[in-house]
Amino acid sequence: MALQGPEELGEQVEEPEDLDDQDASSISPAEEITLPAWPGGDEEPEEALLLPWDRFSTWLHCICVVGFDLELGQAVEKTSICYLSFPDSNSGCLGDTQFCFRFRQGSNRKSSLGCFLETTDRDAPPCLKREQGHYYGYVYFRQVRDKSLKRGYFQKSLVLISKLPYVTFYHSLLKILAPEYFEKQEPCLEAACNDIDRWPTPQPGRILTLPIMGVVIKVRIPTSYDKPGTSQLVQSTQSDSLVSIVLPTIHEVDLFRCFYPVFFHIQMLWELVLLGEALVVMAPSPAESSDTVLALVSCISPLRYCSDFRPYFTIHDSEFKEYTTRTQAPPSVILGVTNPFFAKTLQHWPHIIRIGDMKQTEMAKQMKVKKLKNLKTLDSKPGVYTAYKPYLNKDEDIIKQLQKGVQQKRPSAAQNAILRRYFLELTQSFIIPLERYLASLMPLQKSISPWKSPPQLRPFIQQDFMKTLEKAGPQLTSRLKGDWIGLYRHFLKSPNFDGWFRNRRREMTQKLEALHLEALCEEDLQQRIQKHTEVEAVDLVLKLKDKLSQAEKEQMPVRPGTLAKLRAHIEAVILALPEDLQGILHKPSTPDL
């Protein structure tokens, strides 16, 4: 395989030539809707400050072209990207196939343009924040007969590498790019790169119109302020005469289609994902493998899945030995595989989902959970192979509702909406008691003094939380019976709890810092420094500058105008000091190296 991509990925590079600088006037329009104010009420940084290729880098890390070369063969296959970009030979994917993979970022690699994506992360829901230690690869693979080639087939993949988990969006983008590329080759990619570099940065809450190769895509990136379970549909308007594609979602997969082969076990699968259990999905193709893994990860939304997951995993992956060793327990990871070799290699894993091409008449046969010893090859029957005993009693109502939908030929979109709502309500019922207890750990606002350090969040004590479940547990919002206490105990030891708690503790600590800053800004600082020495006044200025720097760097959630007021306070205090000190304090601080 020959790979064209960026130098960062350690592959051969083919850069577009003679690319003109883009001026600010060529940015694609972004229709703004209601957005939270920039921290402190200050203006958002101007996108005009972005340099050529900066906008491109906020959407994509690079574009790779992977082709099979009989003569070069293994010689250029230095990373797993080449292998991940092609289906396994047993998949038999003729025609066009789309799927995605996820791989670890090298420890010595730096993400491109992270500073411009801080706002994206701040306003995005947990599941749509950019990946810190991994990249996504979105693949469009084509395999067609071609007698002019030695191998007898044309085989090539166009791959988009990005930190953003916008699965539906990037697959839609590839449907436009890839067919054009296969016909017109490199000049087409150069034009596409120029188009993408004119796009606005990915900003949650805004409706974006994104022109690409004569087509205009209209999308809205969800925000963390959206009501869970609702979809802010992008409405078509009279001015949309040039819009070709309106995407209702940028990231959601069809849950019902993905879980259809094993939907009798959806509640058990929800528990396994929630608890961060080791799971492997064995599927006949990378498309089914990646979609099913992504469906599993999203079934606990709005909770973020905090363990590793690989929508498409191969024996050439750099983590292959790490994830398949029998010398230790399988790690907390969800793997999607298609190679029959994995049926033997991963047979010791505790939970295996076998996806096959199922007919609706075969559905009733899939009700029983199968024993792991019965799984020997990829020819095994579809189903869930595990010894796991669910904590909660089975919800027969959702099964009956979905079965009835199949019998009545209910549209797939409706079935998907029913299943997504079910998972959302189940996850919310589970997480609400945790949120309620966490809120009780927050110090009272009256305990915040501007002249003392901000109060600390009280510690999370498992026993105290468990005591709250008797009167304020999930039974208030869920009709499901079962061992909820056991489920919580298990969850509190999982990576998902650790990730959720770290994130919430950081947010709440930041809130306390913001309240402390607001209290400080309400004080009459000039009157206060009159009672203190010059040394104390200088010390106050330095501390206030540190507070301002921290608030700007962390995008602290303060009231509009707070940072402007803090700057005015700092300036007033400085002007009250002798001129020699004013000159010193007005000098910009040296940035940290």
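Coordinates for the structure precede this section.
Residues numbered from 1 in each chain as written. Predicted model: local features only at pLDDT ≥ 70, side-chain atom pairs only at ≥ 80, totals over all residues. Heavy atoms only, no water.

Novice: Explanation requested: the pairing of strand β10 (residues 279-282) in the structure shown.
Specialist: On a regular strand, each side chain points to the face opposite its neighbour's, so the side chains alternate between the two faces of the sheet. A two-sided burial pattern is seen for β10, the buried positions comprising L279 and V281 on one face and V280 and M282 on the other. In this structure, β10 lies alongside strand β12 (residues 333-337), joined through four bridges in parallel fashion. From the neighbouring strand, L279 faces β12, where its bridge partner is I334. Both β10 and strand β13 (residues 351-354) contribute to a ladder of four bridges, which runs parallel. Looking at β13, one finds that L279 is bridged to H351. (Buried < 20%, exposed > 50% of the residue type's maximum accessible area, 1.4 Å probe, protein only. Helix = DSSP H or I, 4+ residues; strand = E, 2+ residues; numbered from the N terminus. Pairing = 2+ DSSP bridges.)

Novice: Explanation requested: unusual backbone geometry in the structure shown.
Specialist: Most peptide bonds adopt trans geometry, and most residues besides glycine take a negative phi value. Residue P302 is reached from S301 by a cis peptide bond, and omega for that bond is 15 degrees. Mapping P302 onto the fold places it in the loop between α8 (286-298) and β11 (308-310). The residue M213 is not glycine, and still its phi comes out positive at about 50 degrees. Relative to the helices and strands, M213 is located in the loop between β7 (207-212) and β8 (215-220).

Novice: Just checking my understanding: could you explain the pattern of salt bridges for this structure?
Specialist: A pair can form between side chains of opposite charge whenever their charged atoms are brought close. As enumerated under the stated definition, the model contains 20 salt bridges in all. In this structure, R479 and D397 form a salt bridge, with 3.5 Å as the shortest nitrogen-oxygen distance. With R479 in the loop between α13 (462-472) and α14 (484-491) and D397 in helix α11 (residues 396-407), the pair connects residues that are 82 residues apart, well separated along the chain. A relative accessible area of 56% places R479 in the exposed class. When its relative accessible area of 45% is taken as the criterion, D397 is described as partly exposed. In this structure, D498 engages R502 in a salt bridge whose closest nitrogen and oxygen atoms are separated by 2.9 Å. (Salt bridge = Lys/Arg side-chain N within 4 Å of Asp/Glu carboxyl O.)

Novice: Just checking my understanding: could you explain the sheet that holds β10 for this structure?
Specialist: Adjacent strands of a sheet form backbone hydrogen bonds with each other and so pair up, either parallel or antiparallel. Pairing within the open sheet is mixed, and its five strands lie in the order β11-β12-β10-β13-β14. Looking at which strands have only one partner, the edges of the open sheet turn out to be β11 and β14 (383-386). On average, each strand axis in the sheet is inclined to that of its neighbour by 15 degrees, with strand direction left out of account. Each of β10, β12, β13 and β14 is contacted by helix α7 (residues 266-274), which is oriented at about 50 degrees to β14, the strand it contacts most. Packed on one face of the sheet, α8 meets β10, β11, β12 and β13 and runs near 160 degrees to β12. (Axes fitted to C-alpha atoms, helices over the stretch in contact; angles between N-to-C directions. Contact = heavy atoms within 4.5 Å.)

That is the geometry; function is a separate question.
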